[in-house]
Amino acid sequence: MHQPPEQSPAGSSPSTGPTPGTPVAGRDATTGTPETRPSEREATAVGRLAGTVERLRLELDHAQAHTAGRAVIEMAVGVLVERLRCSPTEAARQLENLSEQSGTSPLELAADLVNQSAADEISALVRSFVAGASAPSADAAPPADPVAVRLRSTEADVLAGGDAAAAARSMLEHALRPLGVAAVAVWAAHPDLSLSLAGSAGFPEEEARRWRHVPPGVPTPARRALDERSAVRYPTLADASLPSIGQHEVRGGRLAVPAGTGGRLIGVLEICWHDALPEHSQSLQRQFEALAELAAATLEAWSCPEPASPDPADRQFGELRQLVDGLLDPCMILRLSPDGDDHLPRFVIRHVNPTFVDFAGRPTSAIAGTHLLEAYPLAAEPGGLAEKVEHVFATGEPFRTHGMRLAALVDGVPLTALAQVSISRHGTHVAVVWRLGDGTPRVARLLQHAQRLGRIGGFEEDLMTRQIAWNETLFELHGLPSGSPPIALDQLADHAHPDDRHTIGRFLRTLLHHRRPASTAFRLQRPDGVTRHIRVVAEPVPAPDSSLRIVRGAYQDISAQHWTEVALAATRDQLAQSEQQAAERSRLALQLQHAIMPPTRGPLDLPDLHVAVRYRPAEKDHLVGGDWYDTLTLPSGDVLLCVGDVSGHGIEAATGMVALRNALRGLAATGAGPAQLLSWLNSVTHHLTDNVTATAVCGLYEPGTGRLRWARAGHPPPVLQRAGRATTLPQLGGILLGAVDQAEYEEGELPLEPGDTLVMYTDGLIERRDESLQASLTSLTALVEQAHRVAATGEAGLQDQLDHLLRYSSADTDDDTCLVGVAVR
């Protein structure tokens, strides 16, 4: 191991004055004018360059964070595609809708969906975090979990990066920096008890190069964690008296967490703080374990070249390794194991080149350092790879073939591939080169990832010998320690819920008696007391004599899907009930509105006036509005003319409309003017209704004199048509009803003449999304003039004018419309 070099103090030489003939700094030698020092120009240029570098670094960090977040969202879209059986576009739209409805960001919602589906170490951590956070109050909603987003973003970035160095950087930036961590290192463990620095972040590059290899026997924190097979903690590295990377730069707390997969430790995740180690908590420990699991997944795909041997006698192996490392085809170097014998030679895979690809999809760390027959036990078959290697080693005669069958056993499942193979002897070593003819390794890796994400485990059972092969996922799924006796199919009912035993019986009859593929779902009762919802699929494999001997299949944990379906069913029931209640409320509101204001009403004959009314409801039934009108002769002989619009829709708007209409009728009997009536009606709206606001136009017509007094409360002004010309009445001042406690309204007066037509309306007649109110009023006056020209005379003419206005109105909203026409006789 290389130790960091000693830092010598920087010396400084004494300053000397300017020599003769040397220009004085700060002045031009010829003009004497001030000039910029070269050091200042260099400092300015360096400062600009440093600023540019920092900006580019921030943009790169932002792009990496966005890419990681996008990957998490794409995972969630894939989950929704599988659950909802829809297209990716529909799933993405559904994710956005759910995000808006729940009030969370798409990234947080995506992390929650992936956690529910994956059921791995990260999702277990998130469930315990949410349970702890929501424990004080049973009614409190679970808080938004930043831990889930950080860890899922880290996982997505690690999978996208592909190597341990990128994984270390992603862990530090996404997951560990918010916890105060200064640096992180990912160590790969080797069979000879040495360590290699697979990736690091937060350390100087020179420091990382010094610690690229740690020989056996050096007591580092990472080595202690591997020896104890558990996480080791040091409050400060200086107090621990252990050498490690960054021991001079990052002298604070250290935590070393073993990283393993399938019960096998393959590396260590070392986390470093500038300050003392933070207080231990179960939540933090679970986060660090989840990150160690990600580090293990990265190390499985990381090819670590064996450090150069310092032994000069092994120079031939070093030259051979350099040769095979330059090959574009996968190659491994074998040497004879000392524990073999002449009758049964055993070969160890000493080295694999950087382009080595295992046809079974396993990482190179699982191949290098193992015996050939341990990595490929099926190579011992007659005429197989092991026999050819022994022959080449014994005779020195090279072997080449264009079609050799390679076989491997991964998690109890045999995988085969056809490859071109070349075997040659080089001194005491044998080089094996193969070229795969298809995408078998990539397919195998995808299969392993699919089984992990989908919580699927495969099995194969020999009904004659009672031998059962399970992969690692099945032991975890059944809650059994790795290496425990697998559960046979005929014993499956003993581990299921009593109510599901008949279901399992039908499954076994179809599979074993009728010899047909079968599947079923049941509740598995695990030894730890946990009940999981499981789907089992199996098929019979007939022997050459047509007898049934082998059954193979898979178990899948569908607990998350089951509870999601239960929640969706409950949500559908609640939604159906809400829709039924909303429809009932809309029906009642519509009935109430029609009882008071029929959509079409015949002409009214009032003193000196003909009055016609039209009402057009909203296009959608649930948008029942609060438009209203009233015309009646008062005890004083005056005629009350009014139109109003209550804000909102539904039963609340309809009942508000009834309250204001009846209140105005009662107030008008006092003989007060329009402005006073609206002032009183404002107080009624403010105090006697529940958060209701409205607009209105109120007019009083004197039959003998033809005088019209009128006032408005935030309502569009009426339109007067006289002698074929239409104009809007002045915009009198007046705030809408119910906004404040007390309000005053301006009153106007207008003499009406025989032949005049006054049009009063609600905003549903003129409102457009792309047009101002003034432009809409101008369009309305033109339409009133057009309606007057095409309509007949008399009462029928007034109704035709109103029908024309409704038919050719330019409004583009779904609001309801009330229209009152008043013709002076």
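This text goes with the structure placed above it.
Definitions and limits used
Residues numbered from 1 in each chain as written. Predicted model: local features only at pLDDT ≥ 70, side-chain atom pairs only at ≥ 80, totals over all residues. Heavy atoms only, no water. Salt bridge = Lys/Arg side-chain N within 4 Å of Asp/Glu carboxyl O. Helix = DSSP H or I, 4+ residues; strand = E, 2+ residues; numbered from the N terminus. Pairing = 2+ DSSP bridges. Contact = heavy atoms within 4.5 Å. Axes fitted to C-alpha atoms, helices over the stretch in contact; angles between N-to-C directions. Expected span 1.5 Å × (residues − 1). Buried < 20%, exposed > 50% of the residue type's maximum accessible area, 1.4 Å probe, protein only.

### Here we look at the pattern of salt bridges
Side-chain pairs of opposite charge can arise where the charged atoms are in close proximity.
Phase 1 of the analysis: Counted according to the given criterion, the structure contains 25 salt bridges.
Phase 2 of the analysis: A salt bridge links Asp630 to Arg661; the shortest N-O distance between them is 3.7 Å. In this pair, Asp630 sits in strand S19 (residues 626–633) while Arg661 sits in helix H18 (residues 651–668), placing the two residues 31 residues apart along the sequence.
Phase 3 of the analysis: Arg725 serves as the salt-bridge partner of Glu785, at 3.7 Å between the closest nitrogen and oxygen.

### Here's the deal with the sheet that holds strand S5 (residues 254–261)
Phase 1 of the analysis: Ordered by their spatial adjacency, six strands build an open sheet running S3-S2-S1-S6-S5-S4, and the pairing between neighbours is antiparallel. Edge positions in the open sheet fall to strand S3 (213–214) and strand S4 (232–234), since each of these has one partner strand only.
Phase 2 of the analysis: Pairing of strand S1 (residues 183–189) with strand S6 (residues 264–272), which is carried by six bridges, proceeds in the antiparallel orientation. Considered in S6, the bridge of Ala183 is made with Cys272.
Phase 3 of the analysis: Strands in contact with helix H6 (residues 164–176) are S1, strand S2 (195–201) and S6; relative to S2, the strand with the most contacts, it is inclined by about 45 degrees.

### With respect to the sheet that holds strand S25 (residues 747–751)
Phase 1 of the analysis: Within the open sheet, the five strands sit side by side as S19-S20-S21-S22-S25. Their pairing is antiparallel. Of all strands in the sheet, those bounded by a partner on one side alone are S19 and S25. Adjacent strand axes in the sheet meet at a mean angle of 15 degrees when their direction is disregarded.
Phase 2 of the analysis: Taken together, the five bridges between strand S22 (residues 707–713) and S25 define a ladder with antiparallel strand orientation. If you follow Ala711 over to S25, its bridge partner there is Glu747.

### Some words on H18
Phase 1 of the analysis: The first and last C-alpha atoms of H18 sit 26 Å apart over 18 residues, in line with the 26 Å expected at 1.5 Å per residue.
Phase 2 of the analysis: Inspection of H18 places Ala653, Ala654, Gly656, Met657, Val658, Leu660, Arg661, Leu664, Leu667 and Ala668 among the buried residues, and these make up the whole buried set.

### Considerations on unusual backbone geometry
Phase 1 of the analysis: We note that Asp608 has phi near 65 degrees; this positive angle belongs to a residue other than glycine.
Phase 2 of the analysis: Here Asp608 shows up in the loop between strand S17 (600–606) and strand S18 (609–616).
Phase 3 of the analysis: Looking at Asp608, the relative accessible area reads 31%, which means it is partly exposed.
Phase 4 of the analysis: A positive phi angle, close to 55 degrees, is found at Ala723, a residue other than glycine.
Phase 5 of the analysis: With respect to the secondary-structure elements, Ala723 resides in the loop between strand S23 (719–722) and strand S24 (725–728).
Phase 6 of the analysis: With relative accessibility at 76%, the residue Ala723 sits in the exposed group.

Note that all results are geometric; they support no functional claim without further evidence.
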